[in-house]
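Spelled out from the first residue to the last, the chains are:
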Amino acid sequence: MREEHDTPAFWAEYEAALASPSSTTQKVTAGSLAAALEMYRKSSAWAQLSNATRRQREFVYRALSESAGSVVLSDISAREIVAGRERRAATPHRANDYIKAMRAFFGWAAGDGGLIPSDPTVGVKLLKGRNDDIGFHTWTEAECERFEERWPLGSMERLAFDLMLYTGLRRGDACRLGPEHLHDGVLSIRMEKTRGVVHLPLLAPLGASIAATQCAGRTFIATSRGEPFVKESFGNWFKRACVSAGVPGSCHGLRKAGATRAAEAGATEHELMAFFGWQNSKQAAVYTRAASRQKLAAAAAMRLLPARL
């Protein structure tokens with residue numbers, strides 16, 4: 001799809017794509033990369049991946065099948081894997097998505113698949129991305145206020161903001177959340193990434209935002225046609241709302257802002273794990289340590305003042 005999402009041109013292209021049959025078919029040769037990829041996508045290893053992970057890796061595998069599908073699988077060495085990474089090096093995260101997809105596939109092919117004697121991705125390193133040291137930008141309180149001023153209650157943009165901030169959900173889960181998930185003041189949803197279920201109280205600001213917004217569909221957040229967003233399209237749509245509000249935010253940065261708020265208010269690691277759906281304390285500890293450092297620094301600063309006689 002080449003047109004901007006949720007525009008008349010986009011939907012015209014979408015309808016045309018549905019109406020026209022595929023014009024090309026590719027012959028798959030036994031022992032080739034394309035044949036092995038087809039086998040992998042029918043395996044239990046593939047079935048156990050989340051929908052989001054399968055969707056992301058399918059882009060990689062489909063492109064490989066088209067560009068190098070006829071290559072004999074056993075001829076692929078670490079040199080070819082590294083070359084593929086380097087061709088994508090201008091966008092490190094895209095290069096790393098490629099490596100992760102290759103690791104999963106070749107790990108299966110050399111293991112349960114029994115197709116090759118060894119895994120050529122072993123030892124191939126990921127690239128360092130520009131966000132790796134600090135992660136996604138965490139929204140500041142000033143940026144939250146600026147977004148709220150630009151998008152008042154009743155707008156879909158404000159509802160998206162409130163929903164992610166007051167539930168801490170990832171974008172893929174936030175755009176799936178709807179009335180069916182709300183019972184007796186509690187939002188319950190199975191997360192796309194971890195498959196765990198979280199139970200979140202409907203906080204007053206979010207309740208007010210839902211009440212003020214027209215939510216006639218099966219999801220709280222919807223396109224201009226009243227249909228649910230696809231995760232990637234939702235992220236792009238929300239990013240444009242952020243640009244309009246003059247904030248450098250993102251969906252994930254808003255999730256981090258919520259975790260920061262909770263930790264600074266005294267939430268424990270286990271409380272953060274339960275609310276944000278983390279399966280171990282590693283991520284929760286990042287926020288509790290930061291909150292503790294802030295409080296300790298404030299206490300230490302007071303000791304710098306001269307003692308009163």
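Whatever comes next refers back to the structure up there.
Caption draft 1: The arrangement of the nonpolar core in detail. With 36 residues, the main nonpolar core has Trp-139, Phe-147, Phe-234 and Phe-238 as its most contacted residues. For this core, the secondary-structure elements that each account for two or more residues are helix H7 (141–150), helix H8 (156–167), strand E2 (186–190), strand E3 (197–201), helix H10 (204–212), helix H11 (231–245) and helix H12 (251–264). For this core, the leading source of residues is H8, giving eight residues. The contacts of Phe-238, once residues within four sequence positions are left out, are Trp-139, Phe-147, Glu-157, Ala-160, Phe-161, Met-164, Ser-250, Cys-251 and Leu-254. By size, the runner-up hydrophobic cluster in this structure holds 21 residues, among which are Ala-36, Phe-105, Phe-106 and Val-124.

Caption draft 2: Summary view of the pairing of E3. Residues Val-198 and Leu-200 of E3 are buried on one face, while the alternating residues Val-197, His-199 and Pro-201, pointing to the opposite face, are not. Of the strand pairs in this sheet, E2 and E3 are connected by five bridges, and their pairing is antiparallel. From the neighbouring strand, Ser-188 faces E3, where its bridge partner is His-199. If you look at the hairpin formed by E2 and E3, you'll find six residues sitting between the two strands, and Arg-195 has a positive phi there, around 70°.

Caption draft 3: Representation of the pattern of salt bridges within the structure. Scanning the model with the defined rule gives 10 salt bridges in all. A salt bridge links Glu-58 to Arg-41; the nearest nitrogen and oxygen atoms lie 3.6 Å apart. One end of the pair, Glu-58, is in helix H4 (residues 51–68); the other, Arg-41, is in the loop between helix H2 (33–40) and helix H3 (44–47), and 17 residues separate them in sequence. Given a relative accessible area of 17%, Glu-58 falls into the buried group. Glu-227 serves as the salt-bridge partner of Arg-225, at 3.8 Å between the closest nitrogen and oxygen. Classification of Arg-225 as partly exposed rests on a relative accessible area of 41%.

What counts, and where the lines are drawn
- Residues numbered from 1 in each chain as written.
- Predicted model: local features only at pLDDT ≥ 70, side-chain atom pairs only at ≥ 80, totals over all residues.
- Heavy atoms only, no water.
- Core = buried A, V, L, I, M, F, W, Y, C linked by side-chain atoms within 4.5 Å.
- Buried < 20%, exposed > 50% of the residue type's maximum accessible area, 1.4 Å probe, protein only.
- Helix = DSSP H or I, 4+ residues; strand = E, 2+ residues; numbered from the N terminus.
- Contact = heavy atoms within 4.5 Å.
- Pairing = 2+ DSSP bridges.
- Salt bridge = Lys/Arg side-chain N within 4 Å of Asp/Glu carboxyl O.

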